[in-house]
Amino acid sequence: MTPVVHAFRRGAWQPSLDTAALPGPAGIRLALVPEIVAADDRRWWDRTAPGLPPVPAGRRALLLRALELFEHGVLTVGGLGRQSAEDFRAALWETAGLPRSLVDRWCGMLKAAPAERPVPEPDATVALVALPGNTFTCLDAVLEQAERSAAVWIRPSRREPLSAARLTAALLEAGWPPERIVFCPTGRRELDGLVRLTDRQVVFGGSSLAASVRSSAGLSLRGPGRGCALVPEDMGTAEAVEWLLPLVAADSGRFCSNVRTVVRSGPAEPLATALAGALDAATGEPGGGDWPLTAFRDPGAAERAARSVTDLLGPADRLLTRRPPVVGTPGGDRYVTPHLVLIGEPDPDPRRHPLIGHEVPFPFAAVVSATGPAAEAIAGRSLFVYRPPARATA
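Attention in this report is confined to the structure presented alongside it.

Here is what the cut-offs are and how they apply
- Residues numbered from 1 in each chain as written.
- Predicted model: local features only at pLDDT ≥ 70, side-chain atom pairs only at ≥ 80, totals over all residues.
- Heavy atoms only, no water.
- Buried < 20%, exposed > 50% of the residue type's maximum accessible area, 1.4 Å probe, protein only.
- Helix = DSSP H or I, 4+ residues; strand = E, 2+ residues; numbered from the N terminus.
- Arc of directions from axis to C-beta.
- Contact = heavy atoms within 4.5 Å.
- Pairing = 2+ DSSP bridges.
- Phe/Tyr/Trp six-rings, centres within 6.5 Å; stacked < 30°, edge-to-face > 60°.
- Lys NZ or Arg CZ within 6 Å of the ring centre and 35° of its normal.
- Expected span 1.5 Å × (residues − 1).
- Salt bridge = Lys/Arg side-chain N within 4 Å of Asp/Glu carboxyl O.

Structural notes on helix H12 (residues 372–380)
What sets the pattern is the α-helix's 3.6 residues per turn: residues three or four places apart point alike. Within H12 the residues assigned to the buried category are Ala374, Ala375, Ile378 and Ala379. The buried side chains of H12 occupy one side of the element, clustering within an arc of 135° when seen end-on. Residues of H12 that are exposed and point more than 90 degrees away from the buried face comprise Pro373, Glu376 and Gly380. Contacts from the buried residues of H12 go to strand S13 (227–231), strand S14 (259–264), strand S19 (364–369) and strand S20 (385–386).

A word on the sheet that holds S19
Reading across from one edge, S15-S18-S19-S14-S13-S20 is the order of the 6 strands in this open sheet, with mixed pairing throughout. Of all strands in the sheet, those with a lone pairing partner are strand S15 (318–319) and S20, marking the two edges. Where S13 and S14 come together, 5 bridges link them in parallel fashion. Directly across from Gly227, in S14, lies its bridge partner Val259.

Some remarks on the packing of aromatic side chains
On inspection of all chains with the given rule, the structure shows 7 aromatic pairs. Between Phe70 and Phe136, the ring centres sit 5.8 Å apart and the planes meet at 65°, which makes this aromatic pair edge-to-face. Here Phe136 lies in the loop between strand S8 (126–130) and helix H5 (140–148) and Phe70 lies in helix H2 (residues 59–72), a separation of 66 residues in the sequence. Exposure class is identical for Phe70 and Phe136. Each is buried. Ring-pair connections join several aromatic residues into one group, and the members of that group are Phe70, Phe88, Trp106, Phe136 and Phe255. Above the ring of Trp93, the side-chain terminus of Arg297 is found at 4.6 Å from the ring centroid.

Focus on helix H10 (residues 269–282)
A rise of 1.5 Å per residue sets the reference length of H10, with its 14 residues, at 20 Å; its end C-alpha atoms lie 20 Å apart and thus fit the reference within 8%. Summarising the contacts, the buried residues of H10 are in contact with S13, helix H9 (237–249), S14, strand S18 (339–342) and S19.

Here we look at the pattern of salt bridges
In a structure, side chains of opposite charge can pair up when their charged atoms sit close to one another. Considering all chains together, one arrives at 24 salt bridges under this definition. Note that Arg222 is salt-bridged to Glu144, the shortest N-O span being 3.9 Å. Highlighted residues: Arg222 in strand S12 (residues 219–222) and Glu144 in helix H5, separated in sequence by 78 residues. Residue Arg222 is classed as partly exposed on the basis of its relative accessible area of 32%.

Some points on the sheet that holds strand S4 (residues 19–21)
Ordered in space as S1-S5-S4, the 3 strands form an open sheet in which the pairing is mixed. The open sheet terminates on both sides in strands that have one partner only, identified here as strand S1 (4–5) and S4.

Side note on the pairing of S19
The element S19 is extensively covered by neighbouring structure, given that 5 of its 6 residues are classed as buried. Taken together, the 4 bridges between S14 and S19 define a ladder with parallel strand orientation. By the bridge assignment, Arg264 is partnered in S19 with Ser369. Two elements, S18 and S19, share 4 bridges in a ladder whose sense is parallel. Bridging across to S19, Leu342 finds its partner in Val367.

In structure tokens, the structure reads:
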């Protein structure tokens, strides 16, 4: 029988007649919640919320317990049954191409995140968190809203819903009132309906998704980061490469905080050539090494992702990384190797050059020579701007 990850609604795991296939060979499917059903769930909440059990005192402690279970526990995930930590990692590898070392790192980052923010004052809000498929560390937004809200609705990515389903199971196991959690997978066109049905929303996604979502007074869009690094002319090439390599290559290039544009004050080609060589060398083995790559599970997805860079090269631009854009393994896994492009136009306009701030689900950066207003314009469009750490002076 085909395994189907259920939705979690009205305090119970629920199947659906509408399902979608997840990528990969495992054949797992995901139950989808129609908008009419979600609207009925909101009406049910409004009727029953006054009589529901409250979240126990000490929400932060419950969240930390849930995160421990998420990383190491055996949990009941609706439709999949009892899932161990090993089962979870195997499923993420089969469906999303996430290697174990990256899953372990992201679990650690997720577990450390609550300590970085103050404990909020709970309110009566129904919150929605619409998650991306690039990294499950964005589940921290679910934890933040659960700690703050009367109820949290979780809309997972259809590309990678397994981590959100497991977090739902972990919260339940930790003692969170089941009526106050909704795991609500939907198609993209239903997202706007979920925004209307909830009081506060955190929506992750790119520019096209942001444009498609209807505005709401409680809506927070967490879109493209367009991370950039500003490298002064007096910073040596070797020193700059050592600083930039993890900013570009860490976490398989899947974070919105990864550097996508390197702005060099002065000649850019020596730095670009050296950084390209470092990227080629640092990510030598697919799925392994200090900077592991992720596998692309949908047929043709790796090739399409690589072309999203090469098809945007201008006449004077050069791809300096030397490895094949896509590599495979004897088992059939497909990986996109890091891409480093030297922009041939000095002081480019970031609104006009498509590779400046371009975000893809693998390590990629464009190196540009820019100063003054051009450099400021690139930094001004970036949510994450990196400057080298202060250097000791004699």
